[in-house]
There are 2 protein chains.
Amino acid sequence: MSDVTFDVLVEVKHRPGIADPQGATIERSLPTLGFHGVSGVTVGKSIRFTVEATDEAAARGEVEEMCKRFLTNPVIEDAVITIS
Amino acid sequence: MSDVTFDVLVEVKHRPGIADPQGATIERSLPTLGFHGVSGVTVGKSIRFTVEATDEAAARGEVEEMCKRFLTNPVIEDAVITIS
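The structure presented is a predicted model; accordingly, all values stated were derived computationally and were not measured.

Cut-offs and rules
- Numbering of residues begins from 1 in every chain and follows the order in which that chain's sequence is written.
- Each chain gets a letter, beginning with A, and each ligand a number, beginning with 1, in the order they are written.
- Per-residue local features are limited, in this predicted model, to residues with pLDDT of at least 70; the limit for side-chain atom pairs, both in listing and counting, is 80 or more; totals at the level of whole chains, interfaces and linings are taken over all residues.
- Neither water nor hydrogens contribute to the side-chain values; these are computed over all heavy atoms in the structure.
- Salt-bridge detection follows one rule: a side-chain nitrogen of Lys or Arg within 4 Å of a carboxyl oxygen of Asp or Glu.
- Numbering of helices and strands starts at the N terminus; helices are DSSP runs of H or I of at least 4 residues and strands are runs of E of at least 2.
- Exposure is judged per residue with a 1.4 Å probe applied to protein chains only, and the accessible area is read against the type maximum: over 50% gives exposed, under 20% gives buried, and values in between give partly exposed.
- By definition, two strands form a pair when at least two bridges between them are found by DSSP.
- The contact criterion used throughout is that any non-hydrogen atoms of two residues lie within 4.5 Å.
- In short, buried area is how much 1.4 Å probe accessible area vanishes from two parts on joining, totalled over both.
- Here a polar contact means two N or O atoms within 3.5 Å. Within protein one must be a hydrogen donor candidate and the other an acceptor candidate, and residues neighboring in sequence count only if both atoms are side-chain atoms.
- In the scheme used here, Gly and all other residues not listed as nonpolar or charged are polar, with Ala, Val, Leu, Ile, Met, Phe, Trp, Tyr, Cys and Pro taken as nonpolar and Asp, Glu, Lys and Arg as charged.
- Of all possible arcs, the one meant is that of the directions from the helix axis to the C-beta atoms.
- Overlaid copies result from least-squares superposition on C-alpha atoms, with residues included only where pLDDT is at least 70 in both.
- Comment: axis = line fitted to C-alpha atoms, over the contacting stretch for helices; angle = value between 0 and 180 degrees taken between N-to-C directions.

Student: Looking at this structure, how should I read the pattern of salt bridges?
Tutor: Two side chains of opposite charge can pair, provided their charged atoms sit close to one another. All names here are of chain A. Applying the stated criterion to the full structure yields 4 salt bridges over all chains. Among the ionic pairs, aspartate 78 bridges to arginine 15, the shortest N-O distance being 3.7 Å. Taken as a pair, aspartate 78 in strand β3 (residues 77-83) and arginine 15 in the loop between β1 (4-14) and α1 (21-29) lie far apart in primary sequence, 63 residues in all. Owing to a relative accessible area of 34%, arginine 15 belongs among the partly exposed residues under this scheme.

Written out as structure tokens, the structure is:
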């Protein structure tokens, strides 16, 4: 069975309740630069790559396993996986 | 005119040709953990927030200005703005 290539985006965010000092700093700084009305700033990581798998379900399974073991710290981070 | 709230995602990526050591390290490490077929790994930032503006065009204009002045380093980074 030949493998297909999938484009993957993994967005890694802090879990709710985990401090996000980068986001807090941006939010505090924007008004002093003249930008108003911005709230709820969070900063995460976006990891993009391509993966070879037999189908989309297999690709998602492999990426979920990668997230758990390597790409995220599941104690403080959540991952949202988008496959296209 | 009353303001509307927009959800914004800014994805900050290295510009083409700029070294991405985080991505290179992930790509090199995955095979040793048993994950094969992964290539083209890039690591960027995902910044999410809400912004108040009169309409979507105004929101996009403000976010583009924020990216240029504050959220990205335009010499080495590109930003992709998604507004919903």
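Student: Can you help me understand the pairing of strand β1 (residues 4-14) of chain B in this one?
Tutor: The two faces of a sheet get side chains in turn, since along a regular strand they alternate between them. Residues and elements named next belong to chain B. In this sheet, strand β2 (residues 38-53) lies alongside β1 in antiparallel orientation, the contact comprising 9 bridges. The residue of β2 that forms the bridge with glutamate 11 is serine 46. Taken together, the 7 bridges between β1 and strand β3 (residues 77-83) define a ladder with antiparallel strand orientation. Bridging from a neighbouring strand, valine 8 pairs with isoleucine 83 of β3.

Student: Any chance you could explain the side chain of A:Thr72 here in plain terms?
Tutor: Of note, A:Thr72 is situated in the loop between α2 (56-71) and β3. Those residues in contact with A:Thr72 that sit more than four places away from it in its chain are A:Val12, A:Cys67, A:Glu77 and A:Ala79.

Student: In this structure, what is going on with the interface of chain B and chain A? I would like to understand it.
Tutor: A common way to state how big an interface is: give the accessible area lost once the parts meet. Contacts between the two partners involve 32 residues from chain B, matched on the other side by 32 residues from chain A. Per-residue buried area on chain B facing chain A is highest for B:Phe35, B:Arg48 and B:Phe70; these three make up 21% of the total on that side. Where chain B packs against chain A, one counts 2 salt bridges. B:Arg48 is the salt-bridge partner of A:Glu11, the closest N and O atoms lying 2.8 Å from each other. Where chain B meets chain A, there are 14 residue pairs in polar contact (both at pLDDT 80 or more). Looking at the side of chain B that touches chain A, the elements with two or more residues in it are β1, α1 (21-29), β2 and α2 (56-71) of chain B. Looking at side-chain class alone, the side of chain B that touches chain A contains 14 nonpolar, 10 polar and 8 charged residues. As judged from the 11 bridges shared by strand β2 (residues 38-53) of chain A and β2(B), these two strands associate in the antiparallel manner. Within β2(B), the position partnered with A:Ser39 by the bridge is B:Thr50.

Student: I'm lost on α1(A) in this one. Help?
Tutor: Turn by turn, an α-helix covers 3.6 residues, leaving residues three or four places apart pointing in a common direction. Residue and element names in this part refer to chain A. Within the sequence span of α1, burial applies to Gly23, Ile26 and Ser29. Along α1, the residues classed as buried sweep out an arc of 135° about the axis, all on the same side. Opposite its buried face, α1 presents the exposed residues Pro21 and Arg28, each directed more than 90 degrees away.

Student: Help me understand the relation of the copies chain B and chain A, please; the structure alone is not making it clear to me.
Tutor: Copy one and copy two of the chain differ by a rotation about a common axis and a shift along it. With an RMSD of 0.0 Å, the operation that places chain B on chain A is a rotation of 180° combined with a shift of 0.0 Å along the axis. Such a turn and shift between the copies fits a two-fold axis. Considering only C-alpha atoms, the part of chain B nearest the rotation axis is B:Lys45, at 2.2 Å. In this assembly, 100% of the residues forming the interface of chain B have copies in chain A that are likewise at the interface, indicating an isologous arrangement.

Student: Sorry if this is basic, but what is going on with the sheet that holds β3(B) here?
Tutor: Sheet strands pair via backbone hydrogen bonds, and the direction of the pair is either parallel or antiparallel. If you walk across this open sheet you meet the 6 strands as β3(A)-β1(A)-β2(A)-β2(B)-β1(B)-β3(B), and the pairing is antiparallel. Taken across any chain shown, the strands that pair with only one partner, and hence form the sheet edges, are β3 of chain A together with β3 of chain B. Averaged over neighbouring strand pairs, the angle between their axes works out to 25° when direction is ignored. Strands in contact with α1(A) are β2 of chain A together with β2 of chain B; relative to β2(A), the strand with the most contacts, it is inclined by about 135°. In the packing of α2(B) onto the sheet, the strands contacted are β2 of chain A together with β1, β2 and β3 of chain B, and the crossing angle to β2(B) comes to about 120°.

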